[in-house]
Amino acid sequence: MGGSTVGDMTEQGVRWTADQVLALAPDAASRKAGGRLGTAGPWSEAGSGKESVWGLCKGSGSRPYQTVVDLIGPAYKCSCPSRKFPCKHALGLLLLWAGDDGSVPARTEPPDWAEQWLAGRRERAEDKRPGSGGGAADPEAARRRAERRAERVTAGASELEQRLADLLRGGLAAAEQAGYGLWEETAARMVDAQAPGLAARVRELGAIPASGAGWPARLLEECALVHLLDQGWLRRDRLPEPLAATVRSRLGLPAPADGPPERDRWLVLAQYDTADAKLTTRRAWLYGTASHRIRLLLSYGAGGRAPELSLPVGLALDAELSAYPGGGQFRAALGERFAAPAPAGSRPPGVTTGEAVARYGTALREDPWLESVPAVLERVVPVPDGEQWQLADAEADSALPLTRAARSRPGLWRLLALSGGAPVTVFGECGHRGFTPLTAWPEGGGEAVPLC
Amino acid sequence: MNGSAPSPDAVGDWEDLVTTALLGTDRRPPARLAPGRPAPVALLDAAAEATVRRRAGLRPAPAGRRPERAPEDPRPALPTAAAGRLAALLAERSGGTGGGRRGSSPDLMELLPQWLAAANGHGYAAPAQALPALLDAARGRTDLRPAALAFAGPRALWLARFNPDWRFALRSAPGGDAALPDPGDAQAIRRLWEEGLFAERVALLGALRARSPEFARELLAGTWPTERAEDRLMFLDSLRAGLSAADEPFLEKALGDRSRNVRATAAELLSALPGSALAARMAVRATACVALDRSGDGPVIVVEAPHECDSGMERDGVVATPPVGRGERSWWLGQLVEAAPLGTWPGRLGGRDPREIVALPVTDGWQGELHAAWCRAAVRQRDARWSRALLGAPSAPEAGGPGAVSLAERAKLLATLDPAERAEWVAGFIATHGLSEAFQLLGVCAVPWSAPLGRAVVDALNIARDAGSYPWSFSGVMGLAERCLDPAEVARLQSLLAIPDEHEDAAPGAGGYWAEAFQRLVTTLRLRAAMAEELSPTGAAGVG
């Protein structure tokens with residue numbers, strides 16, 4: 001099916017809300033700059049149609065910038081020199097369009113400069129889809145490569161086992177004195193062994209001794225789980241296949257998302273970024289309104305750039321997702337999208353706090369390394385109590401504590417304000433450290449409010 | 001998630017594992033050793049099992065004390081588009097790095113006060129999720145507080161109890177209306193007045209004074225002798241609103257108060273009542289000092305300042321000791337004239353009206369002192385005729401008023417005129433004197449500016465541009481224009497958006513900056529029009 005057909009289907013497509021547009025901004029500065037450009041003043045020849053929006057924005061130079069947004073994506077193109085995606089012009093244009101005050105008329109034909117880019121994009125998307133030509137490589141060579149990598153990972157895992165044994169022979173107290181350097185060096189060894197999953201875990205071990213009271217127990221827990229992962233790898237031939245796949249995925253070995261495509265109306269439950277020095281990771285949690293599955297999409301942005309995939313909370317997209325291999329894994333890859341995201345107008349059904357932790361417990365059977373599972377809590381009341389915050393069932397005497405990370409976020413206050421002491425629906429991550437609220441819906445109807 | 005604890009055995013085992021791990025298996029071999037596994041590996045095996053078992057067995061914890069429900073906010077919800085706008089205005093605030101040139105885009109933060117006033121005017125409820133940002137905004141800017149807290153409503157006060165950063169909201173509960181007893185319930189009012197905290201009592205008195213000035217005064221009089229001096233001062237000050245001749249006996253009694261500040265405030269309030277006995281006493285004293293001398297070429301005013309400040313004057317609020325650098329006699333004269341009813345002067349000065357009186361020459365350099373005192377009197381007595389006379393014609397060459405009248409005093413005098421006249425005067429002033437002195441005067445004009453005033457400002461900006469200076473010399477007025485100009489003026493501004501040809505005596509590049517500044521003005525006006533439209537209940541239906 002060609003892109004234009006799809007476009008015609010939802011041509012009158014609902015405009016997004018300003019909140020949803022602002023959620024696309026890569027940082028606060030862009031949000032601010034975009035907000036200023038979201039007025040008719042600097043714009044001319046703006047229009048929308050065929051799932052896209054375009055316009056000319058007057059800047060400081062003599063030539064106005066040409067800005068165009070492909071709403072399926074969304075993807076952005078602008079003739080300005082900014083390296084941010086989306087740039088402030090794209091944000092301003094989308095805000096103007098969202099405002100729907102007549103300055104961005106619908107159902108118009110894109111001008112040539114916009115049409116060319118849109119057509120090119122959609123052709124490429126066409127090409128990518130059916131059984132792309134990637135399989136041309138020599139399968140024998142690929143197998144040999146995989147074998148060599150497995151040998152290196154085995155060597156790495158064995159070395160790590162040795163180091164853990166040495167550590168426990170000498171005692172964790174001694175390790176505290178050795179400091180961070182010991183772990184950094186071990187992590188580097190794991191990178192060399194092509195086991196990035198192990199490297200990341202080892203690096204986290206290094207931070208635990210400085211994490212406050214109770215650190216020895218936490219360090220022992222995490223060391224034990226690294227040990228479990230090493231052992232899982234070293235004895236993978238004796239594991240059932242889904243668990244073996246989970247071990248490979250936890251070690252960071254690449255595997256294609258080869259699950260069968262699941263087409264659904266995927267409701268965007270939450271989207272948030274975490275960043276370290278090199279990489280910004282964006283997580284988007286999706287809920288299939290027909291399949292009731294929850295899936296996780298990851299996208300990355302290197303060197304301070306925002307990841308290109310952006311899915312504002314509260315929209316739903318008609319698309320296919322394919323799961324990555326491994327038992328108890330939520331991660332999926334985004335396949336074909338059939339229409340631009342549109343406001344969802346519905347909320348996911350939820351469970352009680354007891355059911356949510358029970359699900360986490362059950363999920364550990366398939367993946368004992370799981371930190372948390374996604375969960376929608378229904379009819380819970382935020383209970384602020386000094387440092388200890390909880391989400392308590394409205395009808396039962398049971399509650400989940402909030403994680404330490406969640407307690408320091410401004411979203412916490414939005415959650416409390418939204419509730420006003422009344423039960424709300426909350427989506428978040430439920431794990432052994434507690435619950436991290438990500439999105440909330442007020443009692444008695446109302447739109448999703450992002451908390452992260 | 002401490003939850004229902006695993007069996008004591010498991011806990012003990014886990015503690016044991018942690019101790020062993022901490023000390024090292026060399027020093028403290030594990031209690032249970034698996035055959036064929038080295039001690040540290042066996043420890044890790046056991047720890048892994050225990051960890052996964054603990055995590056898999058987690059249960060919810062008992063719930064803490066749930067907060068009571070926030071009070072209902074009966075106001076209607078904001079229209080969707082307006083809620084989006086509010087989010088954008090508040091996001092701008094937290095983005096917060098002002099600095100640098102502003103370019104052609106509007107300054108959203110400056111529009112927040114206007115937006116709040118409009119939303120409060122419509123009586124909308126704030127969206128719950130916006131309350132934290134609203135409270136933060138109000139915390140950072142005290143001038144925003146009353147409007148922001150009024151808009152934020154009862155749920156914000158509920159919320160503020162949980163966050164020490166927002167304590168201010170509890171202290172400055174807006175108008176306190178929600179907490180006030182029913183106006184008909186005299187008993188409840190009396191109880192609150194007698195038992196309430198100071199802030200509650202001030203709020204009660206203020207609210208009561210607005211509804212029933214008599215009752216408020218009686219309430220105050222009932223406990224007056226037992227109040228502390230600084231409290232008496234605050235309470236007395238709240239009588240300023242709704243002041244009438246009926247308050248005179250109470251105020252007259254307060255003239256004998258132990259506290260000097262209370263006496264001074266009582267005297268000030270009495271002098272604002274032209275029919276009061278104090279005003280009459282002041283009139284006698286003031287007219288004794290100022291007389292008309294017809295002996296020369298034309299009539300002139302002669303001034304004979306008082307030689308002493310007697311106890312009667314002091315009782316009527318005259319401060320005996322002048323500030324450093326001022327002569328005693330002129331200091332006393334100023335206070336007498338300021339407190340004397342302005343209506344006294346035509347009779348004293350040959351039946352002249354205020355305009356003629358102001359035009360009379362004054363001997364021996366007393367003009368400045370006398371006119372300044374009249375200005376203060378006109379402001380205090382809210383006398384528009386005298387204000388008009390003292391302001392003079394806006395186009396007068398001496399910058400619109402007797403030399404003694406400063407810009408600040410002129411602004412105060414203007415405030416006694418009705419809004420249309422005020423705007424007209426300022427428009428006339430700008431047409432003659434340009435914008436460089438106009439900032440303070442524009443600040444007292446009603447928003448949005450009337451058509452003549454708006455045009456005068458735009459014309460003056462246009463002239464300033466043609467004169468070739470840079471727009472940032474007028475950034476103060478530009479900022480005001482963005483906030484106060486009627487959005488309907490947009491059409492008249494279109495011609496100013498083009499970059500004009502640069503003439504030789506113009507500052508380099510000024511034309512481009514002016515075009516940019518006007519672009520920002522136009523954009524801001526459009527934004528304000530859109531804001532107003534989004535908030536109007538009819539406009540919202542279209543956007544929905």
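Only a predicted model underlies this, so the values are computations on that prediction, with no experimental measurement involved. (Residues numbered from 1 in each chain as written. Chains lettered and ligands numbered in written order. Predicted model: local features only at pLDDT ≥ 70, side-chain atom pairs only at ≥ 80, totals over all residues. Heavy atoms only, no water.)

A. Structural context of the overall build of chain A. On a plain count of helices and strands, chain A comes out with 14 helices and 16 strands. For chain A, whose C-alpha radius of gyration is 24 Å, the value lies close to the compact-globule estimate of 22 Å for 452 residues. If one aligns the C-alpha atoms of chain A with their principal axes, the spans along those axes are about 75 × 60 × 45 Å. In chain A, buried positions account for 50% of the 452 residues. In chain A, the share of contacts with a sequence separation of at least 24, taken over all contacts with a separation of at least 6, comes to 62%. Of the roughly 19700 Å² that chain A leaves accessible, carbon and sulfur atoms contribute 52%. Measuring between centres, the 53 positive side-chain charges of chain A sit 4 Å from its 54 negative side-chain charges. (Helix = DSSP H or I, 4+ residues; strand = E, 2+ residues; numbered from the N terminus. Rg over C-alpha atoms; globule rule 2.2 N^0.38 Å. Buried < 20%, exposed > 50% of the residue type's maximum accessible area, 1.4 Å probe, protein only. Contact = heavy atoms within 4.5 Å. Areas by Shrake-Rupley, 256 points an atom, 1.4 Å probe, with all protein chains shown as cover. Lys, Arg positive; Asp, Glu negative; His and termini not counted. Charge placed at Lys NZ, Arg CZ, Asp CG, Glu CD.)

B. Representation of the overall build of chain B in the model. Of regular secondary structure, chain B possesses 28 helices and two strands. Going through the 544 residues of chain B one by one, you find that 46% of them count as buried. Once local pairs closer than 6 in sequence are excluded, the contacts in chain B between residues at least 24 apart make up 69%. When the accessible surface of chain B is totalled, it reaches about 25300 Å², and 54% of it is carbon and sulfur.

C. Here's a closer look at helix H6 (residues 139-170) of chain A. The terminal C-alpha atoms of H6 of chain A lie 47 Å apart, and with 32 residues this matches the ideal 46 Å at 1.5 Å per residue to within 8%. Buried within H6 of chain A are the following residues: Ala141, Ala150, Val153, Gly156, Ala157, Leu160, Glu161, Leu164, Ala165, Leu167 and Leu168 of chain A. (Expected span 1.5 Å × (residues − 1).)

D. Geometry of the sheet that holds strand E16 (residues 449-450) of chain A. Residues and elements named next belong to chain A. Reading across from one edge, E13-E12-E11-E14-E15-E16 is the order of the six strands in this open sheet, with antiparallel pairing throughout. Both outer strands of the open sheet, strand E13 (399-401) and E16, are each paired with one neighbouring strand and no more. Of the strands in this sheet, strand E11 (372-383), strand E12 (390-393), E13 and strand E14 (424-431) touch helix H12 (residues 353-366), which is tilted by about 165° from E11. (Pairing = 2+ DSSP bridges. Axes fitted to C-alpha atoms, helices over the stretch in contact; angles between N-to-C directions.)

E. Expanded view of the UniProt feature "domain: SWIM-type" (unreviewed entry) in chain A. UniProt's feature table lists "domain: SWIM-type" (unreviewed entry) at residues 65-98 of chain A, given in the numbering used throughout. What you have in residues 65-98 of chain A is 32% helix and 29% strand, and the ends, taken at the C-alpha atoms, are 20 Å apart. (UniProt positions renumbered as here; feature names shortened; annotations may be inferred.)

F. A look at unusual backbone geometry. Cis peptide bonds are those with omega within 30 degrees of zero, and the linkage from Val447 of chain B to Pro448 of chain B qualifies with -10°. For Pro448 of chain B, the position within the fold is in the loop between helix H23 (439-443) and helix H24 (451-466). Phi at Gln194 of chain A is positive, roughly 60°, even though this residue is not glycine. Examined against the element boundaries, Gln194 of chain A turns out to sit in the loop between helix H8 (180-192) and helix H9 (196-207).

G. Up close: the sheet that holds strand E3 (residues 65-70) of chain A. All names here are of chain A. One open sheet holds the four strands; their spatial order is E1-E2-E3-E4, and the pairing between them is antiparallel. Pairing within the sheet leaves two strands with one partner each, and these edge strands are strand E1 (43-49) and strand E4 (75-78). Neighbour-to-neighbour, the strand axes of the sheet open up by a mean angle of 10°, direction not taken into account. One ladder, built from five bridges, connects E1 with strand E2 (residues 52-57); its direction is antiparallel. Looking at E2, one finds that Gly47 is bridged to Trp54. Sitting on the sheet, helix H4 (residues 88-99) is in contact with E1, E2, E3 and E4, with an inclination near 65° to E3.

H. A look at the interface of chain B and chain A. Counting residues at the interface gives 62 residues for chain B and 67 residues for chain A. Here chain B and chain A share an interface that buries about 5300 Å² over both sides, 65% of which is from carbon and sulfur atoms. Where chain B meets chain A, there are five salt bridges. Here Glu222 of chain A ties to Arg55 of chain B by a salt bridge, and the two come within 3.1 Å at their closest N and O atoms. Where chain B meets chain A, there are 20 residue pairs in polar contact (both at pLDDT 80 or more). Elements that contribute at least two residues to the side of chain B that touches chain A include exactly helix H1 (8-23), helix H2 (39-56), helix H3 (80-95), helix H5 (131-140), helix H6 (145-160) and helix H27 (510-535) of chain B. The dominant element in the side of chain B that touches chain A, judged by the number of residues it contributes, is H2 of chain B, at twelve residues. Here the side of chain B that touches chain A is composed, by residue class, of 34 nonpolar, 14 polar and 14 charged. (Buried area = accessible area lost by both parts, 1.4 Å probe. Salt bridge = Lys/Arg side-chain N within 4 Å of Asp/Glu carboxyl O. Polar contact = N/O pair within 3.5 Å; in protein donor to acceptor, adjacent residues only side chain to side chain. Nonpolar A, V, L, I, M, F, W, Y, C, P; charged D, E, K, R; others polar.)

I. Here's a closer look at H6 of chain B. Counted at 1.5 Å a residue, the expected span for H6 of chain B with its 16 residues is 22 Å, but the 13 Å between its end C-alpha atoms falls short. Of all the bends found along H6 of chain B, the most pronounced is centred on Gly153 of chain B and spans about 100°, while Pro154 of chain B, a proline, follows it within four residues. (Bend = angle between axes of the 7 residues up to and from the residue.)

J. Structural context of the packing of helix H10 (residues 215-234) of chain A against H2 of chain B. The contact between H10 of chain A and H2 of chain B brings their axes to 8 Å, and the two run at 105°. When the axis of H10 of chain A is compared with that of H2 of chain B, the two are roughly perpendicular. Listed contacts from H2 of chain B to Leu220, Glu221, Glu222, Cys223, Ala224, Leu225, His227 and Leu228 of chain A of H10 of chain A are Val41, Leu44, Asp45, Ala47, Ala48, Thr51, Val52, Arg54 and Arg55 of chain B. Partitioning the contact of H10 of chain A with H2 of chain B into residue classes produces ten nonpolar, two polar and five charged. (Parallel < 35°, antiparallel > 145°, perpendicular 65-115°, else oblique.)

K. Quick peek at the domain arrangement of chain B. Domains assigned within chain B are domain 1 (8-52), domain 2 (179-273), domain 3 (274-417) and domain 4 (419-536). Its C-alpha centre places domain 1 of chain B at a distance of 76 Å from the equivalent point of domain 2 of chain B. (Domains from an automatic or database assignment.)

L. Highlighting the confidence of the model for chain B. Residue and element names in this part refer to chain B. Mean pLDDT over chain B stands at 83; residues scoring 70 or higher make up 88%. This stretch, residues 174-178, has a pLDDT under 50; its non-local contacts, to residues over four places away or in other chains, come to five contacts. In the model, residues 539-544 has pLDDT below 50 throughout and makes six contacts with residues more than four positions away in sequence or in other chains. (pLDDT = per-residue confidence, 0-100.)

M. Local environment of the packing of aromatic side chains. As enumerated under the stated definition, the model contains 14 aromatic pairs over all chains in all. Both rings, one in Trp425 of chain B and one in Phe429 of chain B, keep their centres 5.7 Å apart while their planes meet at 20°; by these two values the pair is stacked. With Trp425 of chain B and Phe429 of chain B both in helix H22 (residues 419-433), this residue pair falls four residues apart, about one helical turn. The residues Trp425 of chain B and Phe429 of chain B share a single accessibility class, namely buried. Grouped by ring-pair contacts, the aromatic residues Trp285, Phe330 and Phe427 of chain A constitute a single cluster. Over the face of the ring belonging to Trp233 of chain A we find Arg236 of chain A, whose NZ or CZ atom lies 3.7 Å from the ring centre. A cation sits over an aromatic face here: Arg201 of chain B above Trp193 of chain B, 4.1 Å from the ring centre. (Phe/Tyr/Trp six-rings, centres within 6.5 Å; stacked < 30°, edge-to-face > 60°. Lys NZ or Arg CZ within 6 Å of the ring centre and 35° of its normal.)

N. Here's a closer look at the packing of helix H14 (residues 411-419) of chain A against H6 of chain B. As a packed pair, H14 of chain A and H6 of chain B sit with axes 10 Å apart at the nearest point and diverge in direction by 130°. Between H14 of chain A and H6 of chain B, the angle is such that the two are oblique. At the point where H14 of chain A passes H6 of chain B, the crossing takes the right-handed sense. Every residue of H6 of chain B that contacts H14 of chain A at Trp413, Leu416, Ala417, Leu418 and Ser419 of chain A is listed here: Arg155, Trp158 and Leu159 of chain B. (Left-handed = near helix turned anticlockwise from the far one by under 90°.)

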